[in-house]
Amino acid sequence: GNSVTQMEGPVTLSEEAFLTINCTYTATGYPSLFWYVQYPGEGLQLLLKATKADDKGSNKGFEATYRKETTSFHLEKGSVQVSDSAVYFCALRNFGNEKLTFGTGTRLTIIP
Amino acid sequence: NAGVTQTPKFQVLKTGQSMTLQCAQDMNHEYMSWYRQDPGMGLRLIHYSVGAGITDQGEVPNGYNVSRSTTEDFPLRLLSAAPSQTSVYFCASSPSQGARGETQYFGPGTRLLVL
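The model shown is predicted, which means the values in this text are computed figures rather than measured ones. Along each chain, residue indices are assigned from 1 in the same order as the chain's sequence is written. Each chain takes a letter, starting from A, and each ligand takes a number, starting from 1, following the order in which they are written. Under the rules for a predicted model, residues below a pLDDT of 70 receive no local features and side-chain atom pairs below 80 are neither given nor counted, while totals for whole chains, interfaces and linings still include all residues. Hydrogens and water molecules were not included; the side-chain quantities draw on all heavy atoms of the structure.

**Examining the nonpolar core**
Generally speaking, nonpolar side chains in soluble globular proteins are found buried as a group. Residues and elements named next belong to chain A. Where we set the bar: Grouping buried Ala, Val, Leu, Ile, Met, Phe, Trp, Tyr and Cys residues that are joined through side-chain atoms within 4.5 Å yields what is termed a nonpolar core. Only protein chains enter the area calculation, which uses a 1.4 Å probe; residues under 20% of their type maximum are buried, those over 50% are exposed, and those in between are partly exposed. Segments assigned H or I by DSSP are reported as helices when at least four residues long, segments assigned E as strands when at least two residues long, and all are numbered from the N terminus. Here, two residues are considered to be in contact whenever any of their heavy atoms come within 4.5 Å of each other.
Grouped together as the largest cluster of nonpolar side chains are 26 residues, with contacts concentrated most on W35, L47, L48, F73, L75 and Y88. Those elements that provide at least two residues to this core are β2 (11-14), β3 (19-21), β4 (23-26), β5 (32-38), β6 (44-50), β8 (62-65), β10 (86-93) and β12 (106-111). Ranked by the residues each element gives to this core, the list is headed by β10, at four residues. In this structure Y88 touches Q6, I21, W35, Y36, V37, L47, F62, L75, G105, T106 and L108, once residues within four positions along its chain are discounted.

This is the structure in C-alpha cells:
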C-alpha cells in the first residue's frame, strides 16, 4: 500500500534560516506528490505539487523536486519568515485513485 | 464561490450523544471525503464518496456514517459519540477520481470534543 514518511517535528528556526523538511514515500504505480500547509486555526491549503519524476513544484519561495530514484519529495525554502510558521503535510495520490495519503505533518515555528 | 464549508466550527458532546457534521461544496465536485486529524497521526480518511448516491469506507470508518444524496452535500454522522472521537474533522472535495496532479480542496474544519 501507499505510505508517506515525514521528518519528525517540531522544527524551530530563526527568521531567514534555510529550511528543509524531508519526505519519502512508498507507492504502487506512479503517484502525484503534494505539499499542503495548515496555518493556525485553518484548514489545509495546497502549497505545491509535482506529477512526474524530476518535476519541481514551487510556490511562495518553497520548492520540492520529485525524485523517483530516492522516492523523495523534500520541501525547501532559502529564507524563512515568521509568517511561514505552520504545519506542513506531505501527501501522495495515485493516478485514477481518489484518495490522498498523508504524512504525519511537521510543525514549523519561525522565531524573529 | 464559497468553496468547501463546514458547520459547526466547534462542538462539545457528551458520551453517547449523536450529531451530524455538515459539509457542503459549491464547485460541482464529484469526489468528497472526510478526514480526522489527530496529533502525531496526520490526516486519516474516514469515508469518501465518488458521486451522489455512492459512498465507501476509508481507513477509520468505525463509529461514523455518511450519505450523499446530492452532489453538494456530504454530512458525517456520529451515532453514539465516544471520547476517542475527539478530533478535528476536515471535509474535502475534488473534481474527479484522481486525474494526475489534481488536488483536493479542504474546508476549515470542525473541532469536536467528546466528554
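**Regarding the pattern of salt bridges**
Oppositely charged side chains are able to pair whenever their charged atoms sit close together. Defined as follows: One speaks of a salt bridge when a side-chain nitrogen belonging to Lys or Arg is within 4 Å of a carboxyl oxygen belonging to Asp or Glu.
All told, the structure shown has six salt bridges over all chains when counted by the stated rule. K77(A) is the partner of D84(A) in a salt bridge, and the nearest nitrogen-oxygen pair spans 2.8 Å. For the pair shown, D84(A) and K77(A) are each scored as buried. One network of salt bridges, in which partners are shared, links R36(B), D38(B) and R44(B).

**Structural notes on the packing of aromatic side chains**
Put simply, the rule is: Planes of paired rings set the category: under 30 degrees apart is stacked, over 60 is edge-to-face and the rest tilted, where pairs are Phe, Tyr or Trp rings (Trp by its six-membered ring) whose centres lie within 6.5 Å. Look at NZ for Lys and CZ for Arg. If either is within 6 Å of the ring centre and within 35 degrees of the ring normal, a charge sits over the ring.
Evaluation of the coordinates by the stated rule reveals 12 aromatic pairs over all chains. Considering the side-chain rings of F34(A) and Y36(A), the 6.1 Å spacing of their centres and the 40° angle between planes classify their relative orientation as tilted. You'll find F34(A) and Y36(A) in the same group, each marked buried. With a centroid separation of 5.5 Å and 80° between ring planes, the pair formed by Y36(A) and F106(B) is classed as edge-to-face. Of this pair, Y36(A) sits in strand β5 while F106(B) sits in strand β10 (residues 105-106), each in a different chain. The buried category is assigned to F106(B), whose relative accessible area is 11%. Each member of the aromatic cluster is reached from another via a ring pair, and the members are F34(A), Y36(A), F89(A), F102(A), Y35(B) and F106(B). The ring of Y30(A) carries K68(A) above its face, with NZ or CZ at 4.6 Å from the centroid. Positioned over the ring face of F74(B) is R68(B), at 6.0 Å from the centre of the ring.

**Things to note about the sheet that holds strand β9 (residues 75-77) of chain A**
Residues and elements named next belong to chain A. Rules: When DSSP finds at least two bridges between two strands, those strands are taken to pair. Axis definition: a line fitted to C-alpha atoms, limited for helices to the stretch in contact. Angles are taken between N-to-C directions and run from 0 to 180 degrees.
The four strands are arranged β3-β9-β8-β7 in an open sheet whose pairing can be described as antiparallel. Looking along the sheet, the strands with just one partner apiece sit at the ends: β3 and β7 (56-59). Averaged over neighbouring strand pairs, the angle between their axes works out to 20° when direction is ignored. The pairing of β3 with β9 spans three bridges and is antiparallel. Bridge assignment links L19 to a residue of β9, and that residue is K77.

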